[in-house]
Amino acid sequence: MNILGISFGKKNANTDILVKEALYGCREAAPDAEIRFVNTCSMNIGRCRGCGACSTALEKGKDNDCIFKDDFQELENQVRWADAIVLGAPVYVLQPVGQFKDFVDRFSCRHDYSAITWVLDKRRKGEMPGNADDYPMERLKKRTVSYISVGGASTENWTSMGTATLHLFGFPPMMKVMGNYNANSMGTIANPYLDDQLMDDMHEMGRRTVQGYADDSVEFFQSTAKPAGVCPVCHQRIITILPGTTRVECPICGIEGELSIENGAVHVEFSKEQQERARGTFKGLREHTVEIQGFGAICAPKIMKNKEKLDKLMKERIRNFDTAIQNK
Ligand SMILES: Cc1cc2nc3c(=O)[nH]c(=O)nc-3n(C[C@H](O)[C@H](O)[C@H](O)COP(=O)(O)O)c2cc1C
């Protein structure tokens, strides 16, 4: 088994300590595994430029590599190598540090299980160019993952989007999530090694990340020291209210639930049917693939019909913006 720890924190600081402790737990569960650790802090990972070269290459029968070359490929290759992953990132301004999101933006579309298998099916049927068997399937291979969000604040509300955003890494390739941990309070804990419960929790979450790979009876890790989640799929407590109704949504999984107040406490029920269409399932991802595939048929006639108007507006208001507004 190949096990990978990724830390987006400073070298040898809190996130490194927590991810490495989880890797000690992984080692216990998999004595023969190969274990690697990557710290990304000094890596150069630029943003996705939205150039579309990866999608175009896929449509032309090739692999959908990112054509922009920097340290992204090195981290991507480590992920492609791994079967089980522990990923930790510090919270910077309520969310994981920006480098994490830059990595996710370039990683996710090119590892979207539904989008890629959609194209490969078409290749098999001869409806798209390329040989489906040439595609590097390790992009979509089975993986488990656990997330550690690390924050300085002692209140959870200053780390409110930490663990939630970390889930964006694993859902496109349908990684199985074995735990997510909000390791806040670093400002008062001083050093993770001074909090025995925290270190025990990291260890146990690491163990389950390995054990859950082959054994579906191994449960998602829930610390006794941390409040439980509300969404039964991603275990987050962030909820989108659909105004004027009792319906709510999990913004991570995109599933709908029913909100009620029971004995003075808020309760949210997510049906089995909704859980089965969460964003990180094949069904949920496929809903979005179908939606995207339909864009062209809707937009192309609109653009053709309004071509003259759009050309005029683009010339007057966009290309002439500098002279008309900015440098006036
Ligand atoms: C620019 C910046 C913004 C931060 N914003 C938050 C925040 O919103 N909430 C929080 O709990 N901690 C915040 N922190 C504290 C870090 O999350 C904390 O120091 C963490 O331990 C850093 O991870 P590291 O030690 O692995 O590098 C911030 C730190 C920096 C440098």
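These notes cover the structure that comes with them. (Residues numbered from 1 in each chain as written. Predicted model: local features only at pLDDT ≥ 70, side-chain atom pairs only at ≥ 80, totals over all residues. Heavy atoms only, no water.)

So, about the site of the ligand. Contacts to the ligand come from 16 residues, most closely from N14, T15, V91, A153 and W158. At a separation of 2.9 Å, a nitrogen atom of the ligand approaches a polar backbone atom of V93. One nitrogen or oxygen atom from the main chain of G152 is found 3.0 Å from a nitrogen atom belonging to the ligand. Calculation on the ligand without its partners gives an accessible area of 640 Å², and the protein chains cover 73% of this total. Those elements that provide at least two residues to the shell around the ligand are α1 (14-29) and β3 (84-92). For the shell around the ligand, the leading source of residues is β3, giving 3 residues. Partitioned by chemical class, the residues of the shell around the ligand number 9 nonpolar, 6 polar and 1 charged. (Near = heavy atom within 4 Å. Polar contact = N/O pair within 3.5 Å; in protein donor to acceptor, adjacent residues only side chain to side chain. Areas by Shrake-Rupley, 256 points an atom, 1.4 Å probe, with all protein chains shown as cover. Helix = DSSP H or I, 4+ residues; strand = E, 2+ residues; numbered from the N terminus. Nonpolar A, V, L, I, M, F, W, Y, C, P; charged D, E, K, R; others polar.)

For a regular strand, side-chain orientation follows a simple rule: the groups alternate between the two sheet faces. Among the 8 residues that make up strand β6 (residues 176-183), 6 are buried, leaving the element largely enclosed by the rest of the structure. Alignment of strand β5 (residues 144-150) against β6, held across 7 bridges, turns out to be parallel. Its bridge partner lying in β6, I148 is registered against Y181. (Buried < 20%, exposed > 50% of the residue type's maximum accessible area, 1.4 Å probe, protein only. Pairing = 2+ DSSP bridges.)

Here the focus is helix α10 (residues 282-293). The end-to-end C-alpha distance of α10 is 16 Å, a good match for the 16 Å that 12 residues give at a rise of 1.5 Å each. Every buried residue belonging to α10 is among G284, L285, R286 and T289, and all of these are buried. Where α10 is buried, its residues touch α5 (113-124). (Expected span 1.5 Å × (residues − 1). Contact = heavy atoms within 4.5 Å.)

Our next topic: α5. For α5, built from 12 residues, the straight-helix expectation of 16 Å at 1.5 Å per residue is met to within 8% by its first-to-last C-alpha distance of 16 Å. Within α5 the residues assigned to the buried category are S114, I116, T117, W118, V119, L120 and R123. Contact partners of the buried residues in α5: α2 (53-59) and α10. Backbone nitrogen of S114 and a side-chain oxygen of the N-cap are separated by 3.0 Å at the start of α5; the cap is D112. G126 occupies a position one or two residues after α5 and carries a positive phi of about 75°.

Moving on to the nonpolar core. Counting residues in each nonpolar core, the largest one holds 25 residues, and the members touching the most others are V79, I85, L87 and F169. Contributions of two or more residues to this core are made by β1 (2-7), α3 (72-81), β3, α4 (98-108) and β5. The residues contacting V79, other than those within four sequence positions of it, are L4, I6, I85, F103, F107, R143, F169 and M175. In this structure, L18, A33, V210 and F221 belong to the second largest nonpolar core, which totals 23 residues. (Core = buried A, V, L, I, M, F, W, Y, C linked by side-chain atoms within 4.5 Å.)

We now examine the pattern of salt bridges. Evaluation of the coordinates by the stated rule reveals 21 salt bridges. Here D216 ties to K176 by a salt bridge, and the two come within 2.8 Å at their closest N and O atoms. Here K176 lies in strand β6 and D216 lies in the loop between α8 (196-214) and β7 (240-241), a separation of 40 residues in the sequence. Note on D216: relative accessible area 69%, which makes it exposed. A salt bridge links R247 to E256; the nearest nitrogen and oxygen atoms lie 2.6 Å apart. Owing to a relative accessible area of 35%, R247 belongs among the partly exposed residues under this scheme. (Salt bridge = Lys/Arg side-chain N within 4 Å of Asp/Glu carboxyl O.)

Turning our attention to the packing of α5 against α10. Running from N to C, α5 and α10 point in directions that differ by 65°, and their axes come no closer than 8 Å. The hand of the α5/α10 crossing is right-handed. Seen from α5, the contacting residues are Y113, S114, A115, T117 and W118; seen from α10, they are F282, L285, R286, T289, V290 and Q293. Here the contact of α5 with α10 is built from residues that sort into 6 nonpolar, 4 polar and 1 charged. (Axes fitted to C-alpha atoms, helices over the stretch in contact; angles between N-to-C directions. Left-handed = near helix turned anticlockwise from the far one by under 90°.)

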